[in-house]
Amino acid sequence: MTEAQSYDVVVVGAGFSGLYLLHRLREAGQSVRVFEAGASVGGTWFWNRYPGARVDIESQEYAYSFSPELDAEWKWTERYAAQPELLAYLNHVADRFDLRGDIQLQTRVTSAVWDEEARRWTVTTDRGDRVSARHVVMATGCLSTPKDDAELPGSDSFRGSSWHTGRWPEGGVDFTGKTVAVIGTGSSAIQSIPKIAEQAAHVTVFQRTPNFSVPAHNGPADPAVMADWAAHREQYRREAREVGFGIRSIGITETPALTVSPEARQAAFEERWHYGGFALLGAFNDLIVDPEANVTAAEFVRGKIREIVQDPATAEKLSPKTYPIGTKRICVDTGYYATFNRDNVSLVDLTEEPIERVTPAGVKTSAREYEVDAIVYAIGFDAMTGALDKIDIRGRGGARLKDAWAGGPGTYLGLMVAGFPNLFLVTGPGSPSVLCNMAVAIEQHVEWISDCIAWMSERQAASIEATSAAQEEWVAHVNEVAEATLFPRANSWYLGANVPGKPRVFMPYIGGFPIYRDKCREVAVAGYEGCVVSG
Ligand code: NAP
């Protein structure tokens with residue numbers, strides 16, 4: 001038996017969160033080991049390399065703000081950066097801050113077990129590592145565990161090639177001359193379908209639920225926008241942190257939708273549609289809380305679909321009608337709806353003919369078999385809890401996190417879990433995370449967690465743990481706020497509704513980033529109120 005290597009902190013994941021954590025914790029004098037399953041740093045932007053993958057928030061807003069020098073020296077080339085550029089950015093961050101030496105790649109953490117006596121975690125990996133750490137931070141991402149294609153019976157019998165968008169091969173896939181089935185019509189599908197259709201002989205899109213999508217109007221980064229951003233960087237970053245979704249360019253107005261005339265409303269939506277991206281949802285301040293206001297935005301987008309898609313029957317099928325706009329993450333596309341005007345693209349509505357199984361030759365619905373050379377599974381992720389569930393995490397008394405969360409995830413501020421001392425989550429369930437600009441949400445979490453760990457070190461405190469009472473109060477608040485919006489009306493991955501058997505619990509916090517950040521700050525200033533600090 002060799003003695004386990006010992007660290008102050010083990011970080012799981014080297015994506016946006018893990019990289020900044022490593023930098024900040026090291027600055028605070030902590031010894032840190034980062035384990036990363038991928039062959040490179042980058043997290044989301046390492047794995048999601050499907051055709052057309054790009055960010056849905058303007059590049060300059062979807063970036064770290066902690067280093068003004070980094071911010072100033074990195075030049076984005078497109079309004080919405082594509083995956084290769086985002087991956088290059090994160091690699092640049094790893095080099096610039098000399099992070100690589102403390103990151104162990106191609107290593108998946110398999111367990112983290114709390115040792116009550118030592119008040120430390122023992123962390124093991126699939127490469128045989130066994131290390132000891134005072135703290136463990138899960139920087140494992142919210143959308144990092146792809147749903148298994150085994151959800152579709154017969155998927156293992158398919159004779160052609162198949163890929164999940166979230167596990168796309170390095171080097172890409174050549175679809176030239178191939179017939180392709182794409183299953184799913186979420187953001188990943190909506191970005192990849194137009195690109196695949198440019199190459200393939202034929203693309204058949206299997207749609208269970210249509211999504212609302214707005215145009216990105218992507219293009220080369222506008223020098224005037226970038227110069228303005230550079231001149232006002234600090235101010236614009238601050239402004240982004242004062243917006244509920246952490247995105248300055250949404251430009252949410254103070255106006256309720258029904259207080260203006262139908263003509264004025266239409267003009268406002270048109271202007272936002274022309275601008276592109278999430279800005280549409282900022283046209284009025286009540287689109288995600290007032291059902292009638294919401295219908296005006298939904299009908300506007302349905303009108304656009306009817307305008308763009310030439311075949312009225314296809315346009316109808318592509319038009320979402322079963323949930324309010326914005327309550328499933330709105331997609332930001334480049335030519336998605338127009339792709340259905342191509343001769344080599346067809347749409348299968350699974351509400352009319354559900355998939356029965358995948359066959360050796362293709363996809364069999366209740367109506368017929370569609371023979372294809374390749375299948376793209378754009379079926380999404382076991383969001384927010386999937387990556388944590390895969391690790392055997394055992395807290396006080398050997399309790400498993402997966403069991404503690406069997407009825408839905410419970411956290412204190414999305415950051416800590418009662419019964420799991422010295423364990424921190426970045427953008428965990430119960431935090432704004434996926435309902436916020438991830439760059440903004442991650443920086444706030446990383447700073448809160450690293451400040452907490454530094455505070456503990458200064459006091460030579462051995463452990464910190466959320467109390468059950470504080471956690472219950474927070475979870476109740478998260479639910480209460482969600483219920484005040486239209487979000488629970490959609491069968492979204494926010495609710496776990498996309499994973500068979502997952503408890504239906506609204507996971508992210510929708511009270512808005514500024515309110516959340518202030519609450520976190522108050523908790524810290526009060527000596528980590530709601531937590532027990534000992535040792
Ligand atoms: P998703 O939004 O969950 O979409 C998955 C799609 O697959 C849905 O249309 C879903 O239908 C369908 N599906 C799932 N299981 C199925 C089954 N068994 N049979 C048939 N259809 C099935 O996943 P995603 O597109 O990967 O996106 C997930 C999230 O990642 C996004 O919401 C976004 O937050 C993020 N993302 C962002 C970008 C970006 O633009 N930057 C790009 C990609 C992803 P139902 O709706 O009926 O469940």
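What counts as what
Residues numbered from 1 in each chain as written. Predicted model: local features only at pLDDT ≥ 70, side-chain atom pairs only at ≥ 80, totals over all residues. Heavy atoms only, no water. Pairing = 2+ DSSP bridges. Helix = DSSP H or I, 4+ residues; strand = E, 2+ residues; numbered from the N terminus. Axes fitted to C-alpha atoms, helices over the stretch in contact; angles between N-to-C directions. 1 Å grid on protein atoms, 1.4 Å probe; cavity = no way out; pocket = protein on both sides within 12 Å on 5 of 7 lines; lining within 4 Å. Points joined across faces, edges and corners; volume = space filled by probe spheres on them. Nonpolar A, V, L, I, M, F, W, Y, C, P; charged D, E, K, R; others polar. Salt bridge = Lys/Arg side-chain N within 4 Å of Asp/Glu carboxyl O. Buried < 20%, exposed > 50% of the residue type's maximum accessible area, 1.4 Å probe, protein only. Parallel < 35°, antiparallel > 145°, perpendicular 65-115°, else oblique. Contact = heavy atoms within 4.5 Å. Near = heavy atom within 4 Å. Polar contact = N/O pair within 3.5 Å; in protein donor to acceptor, adjacent residues only side chain to side chain. Areas by Shrake-Rupley, 256 points an atom, 1.4 Å probe, with all protein chains shown as cover.

Novice: Would you mind going over the sheet that holds strand β13 (residues 355-358) with me for this structure?
Specialist: In a beta sheet, neighbouring strands pair by backbone hydrogen bonds and run either parallel or antiparallel. Spatially, three strands are ordered β13-β14-β15 in an open sheet, and the strand pairing comes out antiparallel. Edge strands, defined here as strands with exactly one partner in the open sheet, are β13 and β15 (369-371). Neighbour-to-neighbour, the strand axes of the sheet open up by a mean angle of 20°, direction not taken into account. Pairing geometry for β13 and strand β14 (residues 362-365), over three bridges, is antiparallel. Within β14, the position partnered with Val 358 by the bridge is Val 363.

Novice: Explanation requested: empty space enclosed by the protein in the structure shown.
Specialist: If a probe as big as a water molecule is rolled over the atoms, it shows which places are left empty. Enumeration over the complete set of coordinates arrives at five cavities of 30 Å³ or more. In this structure, the largest cavity encloses a volume near 190 Å³. Along the wall of the largest cavity there are 17 residues; nearest its centre are Phe 245, Phe 278, Leu 281, Arg 329 and Leu 435. Residue composition of the lining of the largest cavity, grouped by class: 13 nonpolar, two polar and two charged.

Novice: Honestly, the pattern of salt bridges in this entry has me stumped. Any pointers?
Specialist: Side-chain pairs of opposite charge can arise whenever the charged atoms involved come near each other. Scanning all chains against the criterion turns up 27 salt bridges. Between Glu 270 and Lys 304 there is a salt bridge, and its shortest N-O distance comes to 3.1 Å. Of this pair, Glu 270 sits in helix α8 (residues 262-275) while Lys 304 sits in helix α9 (residues 291-308); the two residues are 34 residues apart in sequence, bridging distant segments of the chain. Note on Lys 304: relative accessible area 8%, which makes it buried.

Novice: Would you take a moment to explain the sheet that holds strand β12 (residues 345-349) for this structure?
Specialist: The sheet built from five strands is open, its strands ordered β7-β16-β8-β9-β12 with parallel pairing. A strand with exactly one partner marks an edge of an open sheet, and here the two such strands are β7 (161-164) and β12. For this sheet the average axis-to-axis angle between neighbouring strands, irrespective of direction, equals 20°. Relative to strand β16 (residues 374-377), strand β8 (residues 179-183) runs parallel, the two being bridged by four bridges.

Novice: Would you mind showing me how to read the packing of helix α6 (residues 223-231) against helix α7 (residues 233-241) here?
Specialist: Packed helices, taken two at a time, are described by their axes: the angle between them and the distance between them. Contact geometry of α6 with α7 gives a least axis separation of 5 Å together with a crossing angle of 90°. When the interaxial angle is binned, α6 and α7 end up roughly perpendicular. Across from Asp 228, Trp 229, Ala 230 and Ala 231 in α6, the residues of α7 making contact are Arg 233, Tyr 236 and Arg 237. Split into classes, the residues belonging to the contact of α6 with α7 amount to four nonpolar, no polar and three charged.

Novice: It is not clear to me how the site of the ligand should be interpreted in this structure. Could you clarify?
Specialist: As a matter of local geometry, the ligand sits amid 24 residues, with Glu 151, Ser 188, Thr 209, Lys 328 and Arg 329 nearest to it. Arg 54 has a polar backbone atom sitting 3.0 Å from a nitrogen atom of the ligand. Summarising the interface, the protein chains cover 89% of the accessible area of the ligand, which totals 910 Å² for the free molecule. A class-by-class count of the residues in the shell around the ligand yields nine nonpolar, eight polar and seven charged.

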